[in-house]
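Chain and residue survey
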Amino acid sequence: MDISGASTVVLQALTQATSQDTAILKPAEEQLKQWETHPGFYSALLNIFTNHTLDINVRWLAVLYFKNGIDRYWRRIAPHALSEEEKSSLRAGLIANFNEPVNQIATQIGVLIAKVARLDCPRNWPELIPTLLESVRVQDDLRQHRALLTFYHVTKTLASKKLVADKKLFQELASGIYSFVCSLWNHHADSFLQQICIGETAAINSLERTLLSLKVLRKLTVHGFMEPHKNLEVMEFLNTVFERLKQFLECRRRINTESTCSEKLEKTIIEKLEKTIILFTKVLLDFLDYHAFSFISLIRQSLEFAVSYTFTNAGEGVVFERFIVQCMNLIKMIVKNDAYKPAKNTEESKPETLEAHKIKIYFFNYSTLTEICRRLVSHYFLLTSEELSMWEDDPEGFVYNAIGLAAYELFDIVDFDQWFKSQLLAELQITHIRYKLIRRRVIWLIGQWISVKFKSELRPMLYEAILNLMQDQDRVVRIETATTLKLAVDDFEFRTEQFLPYLETIFSLLFQLLQQVTECDTKMHVLHVISCVIERVGMQIRPYVGCLVQYLPLLWKQSEDHNMLRCAILTTLIHLVQGLGADSKNLYQFLLPVIQLSTDVAQPPHVYLLEDGLELWLVTLENSPSITPELLGVFQNMSSLLELSSENVRTCFQIINAYIFLTSTEFLQNFAATLCHSFCELMQDITTEGQVQVLKVVENVLKVNPILGPQMFQPLLPSVLKGILDGERYPVVMSTYLGITGRVLLQNMVFFSSLLNQIALELNQEMDQLLGSLIEMWVERMDNITQPERRKLSALALLSLLPSENSVIQDKFCGIINICVEALHDVLSEDPDTGTYKDCMVISHFEEQKVSEDEEPPTEQDKRKKLLALKDPVHSVSLQQFVYEKLKAQQELVGEQGFQSLMESVDTDIVRQLQEFLQKL
C-alpha cells in the first residue's frame, strides 16, 4: 500500500464504514478487512486518528481497527506480521503527542499503546516509559492528563504479565519509578485539597490526576515488589494511605454540607471523590491479598481505621455505603486470612503468623466486639417496614433460618441428630393449619443439615416424615418437602435399601405433585426431584414408572413454549432410560421424536435442548437391545451436528460409536459415505484431541467390521499410513494411527496390500521399500503406544507378515521380534502352580456379571462390547501361541540355517526372554 496515497483511500473507506446504509457500510468493511494485511495500512490509520480535524466517528473507527490489528499482526511470528520498520515508525508516532482532545478516543489510544507495550516494552521500546514520565511533568493540562492516562494503562498491562522474566522486568521498572510516582501522586492530592478548600474549579482536574496516579501506584505497589515490607518507600506510601483517606472523607463531608459549587459540579466532584476513596481501600485490599505477611505491620492500623469509621460515631455523616462495604471486607480479610491463623500446634506456625494472630486477638477485645455486635444489630440489621411485614407473614423464616444457613459453622456446636429426634420430628407431626409455616421451615432446615451432620440410621425416620408431609394439604409444604427429599437421595450417605420400603408411595406422591403444580419453574423443580430419585434407585424404579411414562408425552406437548421445562423432561428421560434398560424400547414412540427434535439444528429449540438431547440419544442407544428403522433414521441429524464442531462433538462421537456397536453392517451401508465425508472435513479443522476422537471411531469400525470397514473409510486411511511414515510427532495420534494400521494389517491383509500399493504409486516408491519404512517407524515409535491392547495388536499385526521370504520383512525381523517380546511382557502372567505362562487378555467365554446394589448394572452396549471381544484377535488369540506358530512356520519356510541366521540378528538377551516365554506354553 502506497503510504502517500493510502491515508486518502483508507479515510474514504472508514467514512463509508460509519454509514447507516448497509449498502455502503458492507463493501467498506470488506475492503478494510482486505487491507488489514497490506503494508502501510496501520500507518494510514495512525495518520487518520491523530488528525483532530477529522470526524470523531471516523477517528474512533480508525483506533479500533488499529487496536484489533495489534492482536493479529504485531507479533513477529504471526501470519502477515507487520514489518519491523513499520512497527518502529508506528511506535514513534504513537507517543509523539499526548494531545488527544476527545476523552473516549484518548482512552482507546492509551489501551492501544499498552497492547504494544505488552509485546515490545522494554526491549524493543525502551523510550516508552521515559517519554511518559517526561510528559506527565509538563505544565500543559491536556498533555499531562493524556500521558498519565496512558501511563496507567501501560502499567496495568505490564503488571498483568505472569511469566517469571516479565515479572522481574516489571519489578525493575517499579523500583526505578516508584519514588517519582509517589511524589506525583502527593503533588496532585495536595493540589486538589488546597483548590477544593477555596472553591477553585481546577480542583476537578487535580482530582482526576490524583485518581490516575493512584491507579498507577496500586499496580506498582501490589505487583512491583517481591518483599514490599522491606522497601521503605512502599511502606511509607501505605501508611500515608490512611491519612489521605481521612482527608478525602472529610473533604467529602464538607462538600455535602458547606459547598457553594453548582449542583452539577458538586455531583461530579463527589462522584470522582468517592471513586478515589474506594481506590484507596482497593490498594489496601489488594496488598493484603497478594502480600499477607508484608501487611502484618498494617493490621492494627487497618482494623482501627475500619472499625472506627464503620462501628463508631466517627463515621456518622462521613461514610457512604460502598466505603462501608470495603471497610467490612478489609476486616473480614484480616480475620479470615489463612496466613494469620496459627496451627493447632503453635510450634508448627511461622513467627509472622503468630505475630499477626496476636495483633488480632489484642485488638478484638471484649469491649470492641461488644460495640461491633451492638452496631451490627442496632444500625445495620434494622428491619425495614417491608421486612417487618414479611416477619408477620412468614415468622418461621426468622425462627430456624439462621441455624439452617449457618449449618457448617454450627457443626460442632449443635447436636442436630438429638434435636431432630427430640423436637423437630414432633413439630413436623403437628397438623394444625396455623402450624404449616413451622412444618415448612423445619423440613427446609433438615435439608440444610442432611449433608452436614445427619446419622445414617435416622434416615428411615426422615423418609417416614417426608412421606407424611408429601400428603400435607399445603402445596408449598409439599414442594419444600420434595426439595429436602432431593437433598437426601443425592447425598453421599444415601443407601438404596433404606429407601426402598418408601419408594412406591413417595414416587406416587411426587407424580401427583407434578400434575398439580402449574408454574413452569415449579414443574421443573419437581421433575428434577423425580429424576434424582430415578437416578439413585436405578432398576428398582421399573415397577412404578408407568404413570410417569404416560404423562410425559402430554407434558412435553404442553411445554412447547417452555424450553427450560423441556430440558428438565429430557433429564428425566435420560434417568428413566437408564433405569429401564432394555425395556426402554417400549418408549420409542415418544422417545425418538423427542431426540429427533432436540438434536435437529434446523429447529430453533435445539439451542436449549441439544446438550440434553444428545445425552438422551446416547443412553437410548446404549440401552437398546436391537436396532429399529426409526432409531437408525435419527442419525440423519448427525452430519449437521458434526459441522457445528461445538463442545458437544465428543458426545457425537460416542453416539457414532454406539451405532457401530449396535448394528455395524446396516449402519455403515446407510451412513458410511456421509460419515467419512464429514470426518475428512473435520480432520482439517479440529484440535489434536479431536483428531484422535475421529480416528478412534474409525478404529472401532475396523474392530467391529474388518471386511466392510476399510472399504467404507478408505478415503481416510492413506493419511493414516502417511502419518506413520512421516513420523507423526504427537504420541497419542501416532498410537491411534498404529492401532488402525494394525487392525487392517491383521484382519484384512488384501486391503492392506492394495492400500500400500496405492500410496507407493502416489509417492513414486517401491511397495517393498514403503513396507520396510512402515515397519521401521512402527518399531521406533512402539513406546508411543501405552494401552496393552494396542501393544498386543501391534505384535499380532507384525507377526501376521510371517512366514515370508520377502527380503524387506526379513531385514526387519529383529524389530518384529523386539515388539513381540515387549508385548509378551505386557500380556503374560505366570501361574505359580503350574509354572506356565498365560495370556491374561484372552477371554474364553462371556459371563453375566453380578453387580451389587451400589453398582451400575451393565448396559446392552456393555454386553455387546463383551461379545465383540470374544471375536477380537486381541482377546481371542494367545500371543504366546501365535508367536510360536509364526516362528515355526518361518523356520519351515526358510530352513534351519536360514532361520538361525534370522535369529542371530536379534539381541541375545531378547532371544533368551523369548525362549523362556515359549518354553512355558
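Residues numbered from 1 in each chain as written. Predicted model: local features only at pLDDT ≥ 70, side-chain atom pairs only at ≥ 80, totals over all residues. Heavy atoms only, no water.

Overview of the overall build of the protein chain
Note the following rule: Put simply, DSSP marks the helices as runs of H or I at least four residues long and the strands as runs of E at least two long, and each gets a number from the N terminus on. As defined in this context, the radius of gyration uses C-alpha atoms, and a globule is described by 2.2 Å times the residue total to the power 0.38. Any two residues whose heavy atoms approach within 4.5 Å at even a single point are treated as in contact. Residue exposure ignores everything except the shown protein chains as possible cover, and the areas themselves are Shrake-Rupley values with a 1.4 Å probe. For the charge count, each Lys or Arg is scored as positive and each Asp or Glu as negative, with His and the chain ends excluded. Taken as the charge centre is NZ of Lys, CZ of Arg, CG of Asp or CD of Glu, depending on the residue.
In terms of helices and strands, the protein chain carries 44 helices and 2 strands. Relative to the globule expectation of 29 Å for 921 residues, the C-alpha radius of gyration of the protein chain, 38 Å, shows a markedly less compact shape. Dimensions along the principal axes, computed over C-alpha positions, put the protein chain at roughly 110 × 90 × 70 Å. Here the analysis covers contacts within the protein chain between residues at least 6 apart in sequence; of these, 73% occur between residues at least 24 apart. Summed over all atoms, the accessible surface of the protein chain reaches about 45,000 Å², with 50% contributed by carbon and sulfur. The averaged location of the 115 negative side-chain charges in the protein chain is 5 Å from the averaged location of its 87 positive side-chain charges.

Some remarks on a nonpolar patch on the surface
What counts here: Note on patches: the residues involved have over 30% relative accessible area and no salt bridge, like charges join within 9 Å, and the nonpolar side chains Val, Leu, Ile, Met, Phe, Trp and Tyr join within 5 Å. When a carboxyl oxygen of Asp or Glu lies within 4 Å of a side-chain nitrogen of Lys or Arg, that pair is called a salt bridge. Residue burial is assigned from relative accessible area. The probe radius is 1.4 Å, only protein chains are included, and a residue is buried under 20% of its type maximum, exposed over 50%, and partly exposed in between.
On the surface, Met564, Val607 and Tyr608 cluster together to form a nonpolar patch covering roughly 330 Å² of accessible area. Within the secondary structure layout, Val607 lies in helix α28 (residues 606-622). Judged by relative accessible area, Val607 falls into the exposed class, the value being 61%.

Some details on helix α16 (residues 366-380)
This is how it is decided: Multiplying one less than the number of residues by 1.5 Å gives the expected span of a helix. The directions from the helix axis to the C-beta atoms are what the arc is built from.
Counted at 1.5 Å a residue, the expected span for α16 with its 15 residues is 21 Å, and the 20 Å between its end C-alpha atoms agrees. When α16 is considered as a whole, its buried residues turn out to be Thr368, Ile372 and Arg375. Buried positions in α16, seen along its axis, are confined to an arc of 65° and lie on one side of it. Exposed residues pointing more than 90 degrees away from the buried face of α16 are listed as Tyr366 and Val377. In this structure, the buried residues of α16 make contact with α13 (296-311) and α15 (351-363).

Things to note about the pattern of salt bridges
Scanning the entire structure with this criterion turns up 31 salt bridges. Between Arg218 and Asp286 there is a salt bridge, with the nearest N and O atoms lying 2.7 Å from each other. Of this pair, Arg218 sits in helix α10 (residues 203-223) while Asp286 sits in helix α12 (residues 263-290), placing them 68 residues apart in sequence. Of the charged contacts in the structure, one is a salt bridge between Glu227 and Lys230, with a shortest N-O distance of 3.0 Å. Judged by relative accessible area, which is 57%, Lys230 ranks as exposed. When salt bridges with common partners are traced through the structure, they connect Glu316, Glu371, Arg374 and Arg375 into a single cluster.

What to know about the confidence of the model for the protein chain
Put simply, the rule is: Residue-level confidence of the predictor is summarised by pLDDT, bounded by 0 at the bottom and 100 at the top.
Averaged over the protein chain, the pLDDT score is 89; the fraction of residues at 70 or greater is 94%. Mean pLDDT across the elements of the protein chain ranges from a minimum in helix α18 (residues 401-405), with 52, to a maximum in helix α27 (residues 588-598), with 96. Confidence drops under a pLDDT of 50 for residues 394-398, and excluding neighbours within four residues, the segment shows 13 contacts in the predicted structure.

Considerations on the nonpolar core
As a rule of thumb, soluble globular proteins bury nonpolar side chains together. Condition: What makes a nonpolar core is a set of buried Ala, Val, Leu, Ile, Met, Phe, Trp, Tyr and Cys residues whose side-chain atoms join them at distances within 4.5 Å.
If you look at the biggest cluster of nonpolar residues, it comprises 183 residues, and the most contacted ones within it are Ile446, Trp617, Ile656, Tyr659 and Phe679. Here the element with the most residues in this core is helix α31 (residues 649-683); it accounts for 18 residues. For Ile656, the contacting residues outside a window of four places in its chain are Phe635, Met638, Leu642, Phe667, Leu675, Phe679 and Val697. If you look at the next biggest cluster of nonpolar residues, it comprises 126 residues, including Ala62, Val154, Phe180 and Ile359.

Comments concerning the side chain of Asp120
This is how the line gets drawn: Residues adjacent in sequence count toward polar contacts only when both atoms are side-chain atoms; beyond that, a polar contact is any pair of N or O atoms within 3.5 Å, and within protein one must be able to donate a hydrogen and the other to accept it.
Within the secondary structure, Asp120 is located in helix α6 (residues 103-120). On the basis of relative accessibility, which here comes to 5%, the residue Asp120 falls in the buried class. Of the polar contacts made by the side chain of Asp120, one reaches the side chain of Trp74; its length is 2.8 Å.

Topic: the environment of Phe899
With respect to the secondary-structure elements, Phe899 resides in helix α43 (residues 879-904). Linking Phe899 and Ala482, residues 417 residues apart in sequence, is a C-alpha distance of 76 Å. When residues no more than four places from it in sequence are discounted, the contact partners of Phe899 are Phe813, Leu887, Gln890, Gln891 and Val894.

Comments concerning helix α38 (residues 788-799)
Spanning 12 residues, α38 covers 17 Å between terminal C-alpha atoms, matching the ideal 16 Å at 1.5 Å per step. In terms of residue burial, α38 counts as a mostly covered element, since 10 of its 12 residues are buried.

A word on the environment of Ala81
Take Ala81: it is sitting in the loop between α4 (56-73) and α5 (84-94). The exposure class assigned to Ala81 is partly exposed, which follows from its relative accessible area of 29%. When the C-alpha positions of Ala81 and Leu500 are compared, they lie 68 Å apart, and in sequence the two are 419 residues distant. Those residues in contact with Ala81, other than ones at most four positions away along the chain, are Tyr73, Arg75 and Arg76.

Some words on a positive patch on the surface
Positive charge collects at one region of the surface, where Arg75, Arg118, Lys162 and Lys167 lie side by side. Along the chain, Lys167 turns up in helix α9 (residues 164-197). Taking the relative accessible area as the measure of exposure, Lys167 reaches 42% and is therefore partly exposed.

Some points on the packing of aromatic side chains
For the record, the criterion: Paired rings are identified among Phe, Tyr and Trp, the last through its six-membered ring, by centres lying within 6.5 Å, and are further divided according to the angle between planes into stacked (under 30 degrees), edge-to-face (over 60) and tilted (the rest).
Taken as a whole and judged by the stated rule, the model has 32 aromatic pairs. When the centroid spacing of 5.9 Å and the interplanar angle of 65° are considered together, the rings of Phe242 and Phe305 count as edge-to-face. In this pair, Phe242 is assigned in helix α11 (residues 232-258) and Phe305 in helix α13, connecting sequence segments 63 residues apart. On the basis of relative accessible area, Phe242 is assigned to the buried category, the value being 2%.

As for the packing of α38 against α43
Quick note on the threshold: Helix axes are fitted only over the stretch in contact, all axes being lines through C-alpha atoms; the angle between N-to-C directions runs from 0 to 180 degrees. Should an angle fall under 35 degrees it is called roughly parallel, over 145 degrees roughly antiparallel, and 65 to 115 degrees roughly perpendicular, with every other angle called oblique. The sense of a crossing depends on the near helix, which, turned anticlockwise from the far helix by less than a right angle, makes the crossing left-handed and, turned clockwise, makes it right-handed. Only Asp, Glu, Lys and Arg are considered charged, only Ala, Val, Leu, Ile, Met, Phe, Trp, Tyr, Cys and Pro nonpolar, and every remaining residue, Gly among them, polar.
Between α38 and α43, whose axes approach to 10 Å, the crossing angle comes to 20°. Relative to α43, the element α38 is oriented roughly parallel. Here α38 and α43 pass one another in a crossing that is left-handed. Of α43, the residues touching α38 (which contributes Lys792, Ala795, Leu796 and Leu799) are Leu879, Phe882, Val883 and Lys886. Split into classes, the residues belonging to the contact of α38 with α43 amount to 6 nonpolar, no polar and 2 charged.

Notes on unusual backbone geometry
Along the chain, Cys121 connects to Pro122 via a cis peptide bond; the corresponding omega equals 0°. Tracing the chain through its elements places Pro122 in the loop between α6 and α7 (128-135). That bond from Leu802 to Pro803 is cis: its omega, -5°, falls within 30 degrees of zero. Here Pro803 is to be found in the loop between α38 and α39 (807-811). Although it is not a glycine, His80 adopts a positive phi angle of roughly 60°. Locating His80 in the fold gives a position in the loop between α4 and α5.

Regarding the packing of helix α22 (residues 475-489) against helix α24 (residues 520-537)
In the contact formed by α22 and α24, the axes pass within 9 Å of each other and the chain directions differ by 30°. Compared by their axis directions, α22 and α24 come out roughly parallel. The crossing of α22 and α24 is left-handed. Across the interface between the two elements, Ile479, Ala482, Thr483, Leu485, Lys486 and Val489 from α22 touch Thr522, His525, His528, Val529, Cys532, Val533 and Arg536 from α24.

Points about the state of the cysteines
Cysteine pairs can be linked by a disulfide, which is a covalent bond between their two sulfur atoms. For clarity, the cut-off: Count a disulfide wherever a pair of cysteine sulfur atoms falls within 2.5 Å.
Enumeration according to the criterion identifies 0 disulfides in this entry. Not part of a disulfide, Cys197 finds its nearest cysteine sulfur in Cys251, a span of 6.7 Å. Its sulfur unpaired, Cys676 is 4.3 Å from the next cysteine sulfur, which belongs to Cys680. On the accessibility criterion, Cys676 (4% relative accessible area) is buried.

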